[in-house]
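Single-letter residue listing:
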Amino acid sequence: MSSIKQFQVTFDCAEPERVARFWCEVLGYVVSPPPKGFDTWDDFDRSRPPEDQGSWFACSDPSGVGPRLFFQRVPEGKVVKNRVHLDVRVGTGLVGEERLAALEAECARLVPLGAVRVRLLLDDNDSCIVMQDIEGNEFCLD
């Protein structure tokens, strides 16, 4: 049995392109190329029935190391807390005030993009900031 070496993270959302572009900014990702046979995403969308236009979008790590992020439109809105969330690792290797400063700086960068700060989790050994993306999905600055 071989092991799986690649995976993508899929987000259910109302506006796939908008949410994908938000995460591109957060993570330094780029918009994935449109499906084969299309020069642009607009060309791809125009080829689809109106009800399917804009129903999904994707972005990827330009270095090819991180997972692809896939965003698909769903009819229902977010109701409860995510069961899975991303930890955006901005404080790795830092401790105390230095770590907290790195987390706060990244929080300050993301809020103008539409992210919402929910709360700071702080104890003697660790800290993280719980945030929400532009559609209310939780993630952590860790």
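Please refer to the structure placed before this passage.
Note that this is a predicted model, so its numbers are computed, not measured.

Draft legend 1. Expanded view of the pairing of strand β8 (residues 138-141). Covered by surrounding structure in β8 are E138 and C140 together with F139 and L141, the residues of both alternating faces. In this sheet, β8 lies alongside strand β5 (residues 86-88) in parallel orientation, the contact comprising three bridges. By the bridge assignment for β8, D87 is matched with C140. Sheet topology places strand β7 (residues 127-132) next to β8; four bridges connect them, and they run antiparallel. Residue pairing for β8: Q132 is matched across the bridge by E138. Adjacent in sequence and paired antiparallel, β7 and β8 are bridged by five residues, among which G136 carries a positive phi angle near 90°.

Draft legend 2. Seen up close, the environment of C24. Within the secondary structure, C24 sits in helix α1 (residues 16-27). If sequence neighbours within four positions are ignored, C24 has contacts with Y29, V30, V31 and C59.

Draft legend 3. How the structure looks around the pattern of salt bridges. Going through the model one piece at a time under the given rule, you end up with nine salt bridges. The partner of D142 in a salt bridge is R89, with the nearest N and O atoms 2.8 Å apart. Of this pair, D142 sits in the segment after β8 while R89 sits in the loop between β5 and α3 (96-110); the two residues are 53 residues apart in sequence, bridging distant segments of the chain. With relative accessibility at 14%, the residue D142 sits in the buried group. Relative accessible area serves as the criterion here: at 55%, R89 is assigned to the exposed category. With a shortest N-O distance of 2.9 Å, R109 and E106 are connected by a salt bridge. Within this pair, R109 and its partner E106 are both found in helix α3, separated by three residues, close to a single helical turn. Classification of R109 by relative accessible area gives partly exposed; the value is 35%. On the basis of relative accessibility, which here comes to 13%, the residue E106 falls in the buried class.

Cut-offs used in this document
Residues numbered from 1 in each chain as written. Predicted model: local features only at pLDDT ≥ 70, side-chain atom pairs only at ≥ 80, totals over all residues. Heavy atoms only, no water. Buried < 20%, exposed > 50% of the residue type's maximum accessible area, 1.4 Å probe, protein only. Helix = DSSP H or I, 4+ residues; strand = E, 2+ residues; numbered from the N terminus. Pairing = 2+ DSSP bridges. Contact = heavy atoms within 4.5 Å. Salt bridge = Lys/Arg side-chain N within 4 Å of Asp/Glu carboxyl O.

As far as function goes, none of this settles anything; it's purely spatial.
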